[in-house]
Structures are given as C-alpha cells and as structure tokens.
Amino acid sequence: MFNTKSKKEESVIISPSFQLPIIVIVLSFMLLFLNIGSWPTIVSASFSFFLLLQAFTLRIKITSDDFIVLQLGKEIRTFPFKNWISWKFFFPIIPGIFYFREKSSPHLLPILFNPKQLKDELLKKVDSLEIKKS
C-alpha cells in the first residue's frame, strides 16, 4: 500500500540549550575582576547576550533528508544531508561548537541546542559521516 507518513511526522525539532550563553555571560562578568578595563567585558557580554537571544529564537529541525534552521518558526536555511561530507562536535561537554562540511562549504555553529539530542538525531541520519576521534 501507500506510505501515509508525512514529512512533518518524520521531523524532529531539537530543544534549545542555554548553557553556552550563560557560561559566556558568567565569564564576561568575571573579566571585571582582571583589571583590564571595561571594554573586554562589554564586548564579551554583548556577544553572550546575542547568543542568548539566538538560543531563544533559533531551532534546528531534522527531517529524513534535511538539516533545517528555523528562526521564530520560519525556515531560514536548509542543508540537505545528501550534500554533507562530514560532521563533528568540538568541546561537546562545555558545550562548544558543532562543525559540518558540505560539498560547497564548511559550517561552524555554536551549540545552542541540546547536544545529546542533536547528536542522537545526526547519528540516526548521517552516522557514517561523523569524524571519529583519532
């Protein structure tokens, strides 16, 4: 018979994680105690609040064929898995950075999403492309 599953049923939206922005905010304000002036604190705190805003507004949607970036529910970029060459998490415990390479270009994303959920979904879809530890 026909496959009645729709693409919507197959998709997973990765939940947000606010760990990275909060860590950067704390580190930013700790710069005040280093006696190096207020500008480094202002710059890093501004960046951390930008990350916090991104964590509230961005979502990752993973379908059977695509890695989709959503902002406030609207699709802003699609990365088809068929174009991926490799992927890896850098500093996943902190959390850190998610790297993936497509045929056309590499991409680095701060991990503003649940790293375990994101990795589990990527292992289901593109396990063979993960860069293993050497």
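Refer to the preceding data block for the structure.
It should be emphasised that the depicted structure is a prediction, and the values quoted were computed from it without experimental measurement.

A. Geometry of the nonpolar core. Within the largest apolar cluster, 23 residues are counted, with the highest numbers of intra-cluster contacts made by Phe 67, Trp 84, Phe 98, Leu 118 and Leu 122. If you list the elements that add at least two residues to this core, you get α2 (19-30), α3 (39-57), β2 (58-62), β3 (66-71), β5 (84-90), β6 (97-102) and α4 (115-126).

B. Molecular detail of the pairing of β3. In the sheet, β2 pairs with β3 via 5 bridges, with the strands oriented antiparallel. Residue pairing in the sheet places Ile 62 in a bridge with Phe 67 of β3. Counting the residues between successive antiparallel strands, the hairpin from β2 to β3 contains 3 residues. Across 6 bridges, the pairing between β3 and strand β4 (residues 74-80) is antiparallel. The partner of Leu 70 across the bridge, within β4, is Glu 75.

C. Molecular detail of α4. With 12 residues, α4 ought to run about 16 Å at 1.5 Å a step, and its terminal C-alpha atoms sit 16 Å apart, in line with that. Three or more residues of α4 are buried, namely Pro 115, Leu 118, Glu 121, Leu 122 and Val 126. With its buried residues spanning 135° around the axis, α4 presents them on a single face. Residues Lys 116 and Lys 124 are exposed on α4 and point more than 90 degrees away from its buried face. Against the buried residues of α4 lie β1 (12-14), β2, β3, β5 and β6.

D. View of the pairing of strand β7 (residues 106-110). With 5 bridges connecting them, β6 and β7 associate as antiparallel partners. Bridge assignment links Phe 98 to a residue of β7, and that residue is Leu 109.

E. View of the sheet that holds β5. Read across the sheet, 3 strands follow the order β5-β6-β7 without closing on themselves; strand pairing throughout is antiparallel. What marks the edges here is a single partner per strand, and that holds for β5 and β7. Taking the axes of each pair of neighbouring strands and ignoring which way they run, one obtains an average angle of 15° across the sheet. Running at roughly 155° to β5, α4 makes contact with β5 and β6 of the sheet.

Rules and cut-offs
Within every chain, residues take consecutive numbers counted from 1 along the sequence as written. Totals for whole chains, interfaces and linings use all residues, but because this is a predicted model, local features are given only for residues with pLDDT of at least 70 and pairs of side-chain atoms are given and counted only at 80 or more. Water and hydrogen atoms were dropped before computing side-chain values, which therefore reflect all heavy atoms in the structure. As used in this record, nonpolar core signifies buried Ala, Val, Leu, Ile, Met, Phe, Trp, Tyr and Cys residues forming a set joined through side-chain atoms within 4.5 Å. Categorising residues by exposure relies on relative accessible area from a 1.4 Å probe, with only protein chains included: less than 20% of the type maximum marks a residue as buried, more than 50% marks it as exposed, and the intermediate range marks it as partly exposed. The helix count covers DSSP runs of H or I at least four residues long, the strand count covers runs of E at least two residues long, and both are numbered beginning at the N terminus. Only when DSSP finds a minimum of two bridges between them are two strands counted as paired. Working rule for helices: expected span equals 1.5 Å times residues minus one. The reported arc concerns the directions from the helix axis to the C-beta atoms and nothing else. Any two residues whose heavy atoms approach within 4.5 Å are treated as being in contact. Helix axes use the C-alpha atoms of the stretch in contact, all axes being lines fitted to C-alpha atoms, and the angles between their N-to-C directions lie in the range 0 to 180 degrees.

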